[in-house]
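# Observations on the model geometry
The chain contents come next:
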Amino acid sequence: MSEQSIIVEDVSLSFPKKKTVLQILKRNSNSSFLALDNVSLSVKRGEVVGIIGRNGCGKSTLLRIIAGIFSPDQGSSRSAGKISLLAGLGTGFTGHLTGRENAFLYGSILGHEQTVMKELMEEIISFSELETFIDEPLRTYSAGMKARLGLAVASALNPEILLIDEVLGVGDPVFKEKSKKKILDMVAEAGTVVIVSHSFGLMTSICDRVIHMSNGKIKFIGEPKEAIASYYASEERRN
Amino acid sequence: MEEQVDVPLTEVGPKTSFLSAPISSLSILFSHRFLIQNLLKRETKGRYNNSFLGYSWTVLEPALLSAVYYFLFIMLADNPDRFYPIWVIIGVIVWTCFGKCLQATVTSLTRNASTIHLVYFPRIIFSYSSIGSTVWTTMMSSLVLIPLLLVYDIQISWQLLLVPLAILLAAFNAIGLGLLLAPANCINRDVEHLIRFIVRAGFFVSPVMWTWEMAVERGWAADVVVWNPMVFPITLARDGFLGHVTEFPFHGVMISVGWGLLMWMIGSALFSKYEHSAVKYL
């Protein structure tokens, strides 16, 4: 029986640094940046796991390893079930297409089938509150409208594993509340959730475990409060 | 109690074996057809966005270009073949299809960096959908030939179908090289600048402003240019327009089709091998 939903084993990943011709000729040794350094993690089915850490510590990269966007240099990442990464809402949106066409495009990028998208369209229109604007070109939309459409399409997903990368808080205050509620609903419905966020209050309330990452390594895994304490402790040491 | 279904743990991400890459790319295209349809819509609708003439540009562009070359040719040589503008139009259409397909495939990963960072699906889809939209606009451009049939009083025959076939062959000849270079372009954008130069230079090396028959008249020249895989598609389209199947030498046909097939196999295999390391550079 596999109780585990995600297993990440000894994963290391380094990103190459862009070099100019001169630097290539000089052959300086420091040519790559180690984003993940021997990271291991297993997440049980039904678990909600949070990841915290300062910018550039490898949080988003770890999510992208789990989602299969990056392949690890060493180690392996395996998972059970359909995975969706919620990040950069509205990626692939194009100004000259209408809201509806963009919803189809974005939905198909996220892996929806055509029949599913047709069924979801009503829900997407009502959630995004776009009404007649849905058939106008996207370039006529305000930033908030684009964000609403993006979230409406993305949140219509029903994955077994949901990965969330800093998407809380888009649009005006009213919609912000609505979107937060929607994402919490998705978290409740999804089998397994891994969430990257800077809002520690939310993390303590929804996460079963929280990971504190620093410089591509996992510093701490465990109780949310202890993980946050570990984060603040390492921040103080840095200062 | 929630029902627990036992799902095996699997690795997500690229995992095509080297030899089966060309074939598995075809099944990928089929299983992601809804996505491809939407990507095609984005590219074709965007191309002539905010322009009054819109799609007529696909026809106007080769027509105007040919007019310019025609006057240039009259000035350089005294007594031009009356079909010469047609040869140039067909040459421009078929060559541009090859050039644009090549450039679109080479840049297919770099242009879609933000989508690649958002979700995993086989990235070869980006390459094929940009080929698809280029072929579509080229087919539109080739409609310019229909009124010219009347102007030149040419009988409509089934051989006209050789024109779209030649366009497809031109696109196919671009796929392999494009797939081969797309991951390299992620690492170093010099690749795309080099390709732009090659497409411009190839315009003169290929029979756009000259014809296969002109090369044959010079004897030795035919033996050299037959090695250019784009000579056959362009000649095929020209002869098809006149209503006859080409008399192009068989080994030349083999060179053209063989290049396309070989490069497609190599390109697909290398693309699937290097795509996952290349996207780290995006």
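Read on for a plain summary of the structure. What you see is a predicted model; the values in this text were computed from it and never measured. In this convention, every chain numbers its residues from 1, walking through the sequence in written order. The lettering of chains begins at A and the numbering of ligands begins at 1, in the order of writing. Since the coordinates come from a predicted model, pLDDT governs what is reported: local features require at least 70, and pairs of side-chain atoms require 80 or more to be given and counted, while whole-chain, interface and lining totals use all residues. Excluding hydrogens and water, the side-chain values take into account all heavy atoms of the structure.

### Things to note about the overall build of chain A
Quick reminder of the rule: Secondary structure elements are defined from DSSP: runs of H or I of at least 4 residues count as helices, runs of E of at least 2 residues count as strands, and each element is numbered from the N terminus. For every residue, the accessible area obtained with a 1.4 Å probe (protein chains only) is divided by the maximum for its type, and the residue is called buried under 20%, exposed over 50%, and partly exposed between those limits. For this analysis, residues touch if any pair of their heavy atoms sits within 4.5 Å. Here the Shrake-Rupley method, with its probe set to 1.4 Å, supplies the accessible areas, and only the displayed protein chains count as covering residues. Neither His nor the chain termini are counted; the positive set is Lys and Arg, and the negative set is Asp and Glu. We put the charge of a Lys on NZ, of an Arg on CZ, of an Asp on CG and of a Glu on CD.
Of regular secondary structure, chain A possesses eight helices and nine strands. Across its three principal directions, the C-alpha atoms of chain A cover 55 × 50 × 40 Å. In chain A, which comprises 239 residues, the share counted as buried stands at 54%. For chain A, contacts bridging at least 24 residues in sequence account for 69% of all contacts bridging at least 6. Taken as a whole, chain A presents about 11,000 Å² of accessible surface, with 50% of it coming from carbon and sulfur. When the 28 positive and 27 negative side-chain charges of chain A are each reduced to one mean point, those points stand 9 Å apart.

### Notes on the side chain of K280(B)
For K280(B), the position within the fold is in the segment after α14 (250-278). For K280(B), a relative accessible area of 13% gives the class buried. Ignoring any residue separated from it by four or fewer positions in sequence, one finds K280(B) in contact with L13(A), S14(A), F15(A), P16(A), F70(A) and D73(A).

### Let's talk about unusual backbone geometry
The phi angle at N215(A) is positive, at roughly 50°, despite the residue not being glycine. Within the element layout of this structure, N215(A) appears in the loop between β8 (209-214) and β9 (217-222). Positive phi, close to 55°, is recorded for D153(B), a residue that is not glycine. Given a relative accessible area of 69%, D153(B) falls into the exposed group.

### Some details on the sheet that holds β9(A)
Residue and element names in this part refer to chain A. What counts is decided by this rule: Pairing between strands is defined by DSSP: at least two bridges between the two strands are required. Working convention: axes come from line fits to C-alpha atoms, limited for helices to the stretch in contact. Angles between N-to-C directions cover 0 to 180 degrees.
As summarised here, the arrangement of the six strands in space is β5-β6-β7-β3-β8-β9, forming an open sheet in which the pairing is mixed. Pairing within the sheet leaves two strands with one partner each, and these edge strands are β5 (83-86) and β9. In this sheet, adjacent strand axes meet at a mean angle of 15° when their direction is disregarded. Sheet analysis places β8 next to β9, joined by five bridges and oriented antiparallel. Each bridged residue has a counterpart across the sheet, and for S214 the counterpart in β9 is K217. Lying over the sheet, helix α6 (residues 173-189) contacts β3 (48-52), β5, β6 (161-165) and β7 (192-196), oriented at roughly 150° with respect to β6.

### As for the packing of aromatic side chains
In plain terms, the rule: A pair of aromatic rings is counted whenever rings of Phe, Tyr or Trp (Trp by its six-membered ring) have centres within 6.5 Å, and the orientation is called stacked for planes under 30 degrees apart, edge-to-face for over 60 and tilted otherwise. Two conditions define a charge located above a ring, namely a distance within 6 Å from the ring centre to NZ of Lys or CZ of Arg, and an angle within 35 degrees of the ring normal.
Following the criterion strictly, the structure yields 15 aromatic pairs over all chains and no others. On the basis of an interplanar angle of 80° and a centroid distance of 6.1 Å, the ring pair of F104(A) and F34(B) is categorised as edge-to-face. Of this pair, F104(A) sits in helix α3 (residues 99-109) while F34(B) sits in helix α2 (residues 33-47), placing the two residues on different chains. The two residues F104(A) and F34(B) agree in class, both being buried. Above the ring of F127(A), the side-chain terminus of K178(A) is found at 4.7 Å from the ring centroid.

### Brief notes about the packing of helix α1 (residues 21-31) of chain B against helix α7 (residues 124-141) of chain B
Residues and elements named next belong to chain B. Note the cut-off: Convention used here: angles under 35 degrees read as roughly parallel, angles over 145 as roughly antiparallel, angles from 65 to 115 as roughly perpendicular, and any remaining angle as oblique. Polar here means any residue outside two lists: the nonpolar Ala, Val, Leu, Ile, Met, Phe, Trp, Tyr, Cys and Pro, and the charged Asp, Glu, Lys and Arg; Gly therefore counts as polar.
In the contact formed by α1 and α7, the axes pass within 10 Å of each other and the chain directions differ by 75°. The orientation of α1 relative to α7 falls into the category roughly perpendicular. The residues of α7 that touch α1, namely those facing S25, I28 and L29, are I124, I125 and Y128. Of the residues assigned to the contact of α1 with α7, the class counts are five nonpolar, one polar and no charged.

### Some points on the sheet that holds strand β1 (residues 10-11) of chain B
With respect to topology, four strands assemble into an open sheet ordered β2(A)-β1(A)-β4(A)-β1(B), the strand pairing being antiparallel. Each edge of the open sheet is held by one strand with a lone partner, namely β2 (32-44) of chain A together with β1 of chain B. By the bridge criterion, five bridges tie strand β1 (residues 4-16) of chain A to strand β4 (residues 74-79) of chain A in an arrangement that is antiparallel. Across the sheet, residue I7(A) finds its bridge partner in β4(A), namely R78(A).

### Points about the pattern of salt bridges
The line we're drawing: Salt bridges are identified by distance alone: a Lys or Arg side-chain nitrogen within 4 Å of an Asp or Glu carboxyl oxygen.
All told, the structure shown has 14 salt bridges over all chains when counted by the stated rule. Its salt-bridge partner being K182(A), residue E123(A) comes within 3.8 Å of it at the nearest N-O pair. Here the residue E123(A) occupies a position in helix α4 (residues 114-128), and K182(A) occupies one in helix α6, the gap between them amounting to 59 residues. One salt bridge in this structure joins R111(B) and E43(B), with 3.8 Å as the shortest N-O distance. Residue R111(B) is located in helix α5 (residues 108-111), and its partner E43(B) is located in helix α2; the two are separated by 68 residues in the primary sequence. Using a relative accessible area of 17% as the deciding quantity, one classes E43(B) as buried. Among the charged side chains, a network of salt bridges with common partners joins E101(A), K41(B) and K45(B).

### Let's talk about the packing of helix α9 (residues 162-187) of chain B against helix α13 (residues 231-242) of chain B
Residues and elements named next belong to chain B. The contact between α9 and α13 brings their axes to 8 Å, and the two run at 170°. As judged from the angle between their axes, α9 and α13 are roughly antiparallel. Two secondary-structure elements touch here, α9 through L162, V163, L165, A166, L169, A170 and N173 and α13 through F232, P233, L236, A237, G240 and F241. Its residues assigned to classes, the contact of α9 with α13 shows 11 nonpolar, two polar and no charged.

### Section: the environment of L194(B)
All names here are of chain B. As for its placement among the helices and strands, L194 is situated in helix α10 (residues 190-205). Residue L194 is classed as exposed on the basis of its relative accessible area of 51%. In this structure the C-alpha to C-alpha distance between L194 and V59, which are 135 residues apart in sequence, comes to 28 Å.

### Observations concerning the interface of chain B and chain A
One frequent convention defines the size of an interface as the accessible area lost when the parts assemble. What counts, and what does not: Accessible area that two parts lose when put together, with a 1.4 Å probe and added across both, is what the buried area reports. Any N or O atom pair separated by 3.5 Å or less is treated as a polar contact, with the protein-specific requirement of one donor-capable and one acceptor-capable atom, and with residues adjacent in sequence counted only for side-chain atom pairs.
At the junction of the two partners, chain B supplies 37 residues and chain A supplies 48 residues. Summing both partners gives a buried area of about 3,400 Å² for chain B against chain A, and 58% of it is carried by carbon and sulfur. Broken down residue by residue, the surface that chain B buries against chain A is led by L9(B), L118(B) and K280(B), which jointly contribute 23%. With a shortest N-O distance of 2.7 Å, K280(B) and D73(A) are connected by a salt bridge. Our count for the contact surface shared by chain B and chain A stands at seven residue pairs in polar contact (both at pLDDT 80 or more). Every element with two or more residues in the side of chain B that touches chain A is listed here: β1, α2, α6 (113-116) and α9 of chain B. Split by residue class, the side of chain B that touches chain A holds 18 nonpolar, 12 polar and seven charged. By the bridge criterion, two bridges tie β4(A) to β1(B) in an arrangement that is antiparallel. What sits directly across from S79(A), in β1(B), is T10(B).

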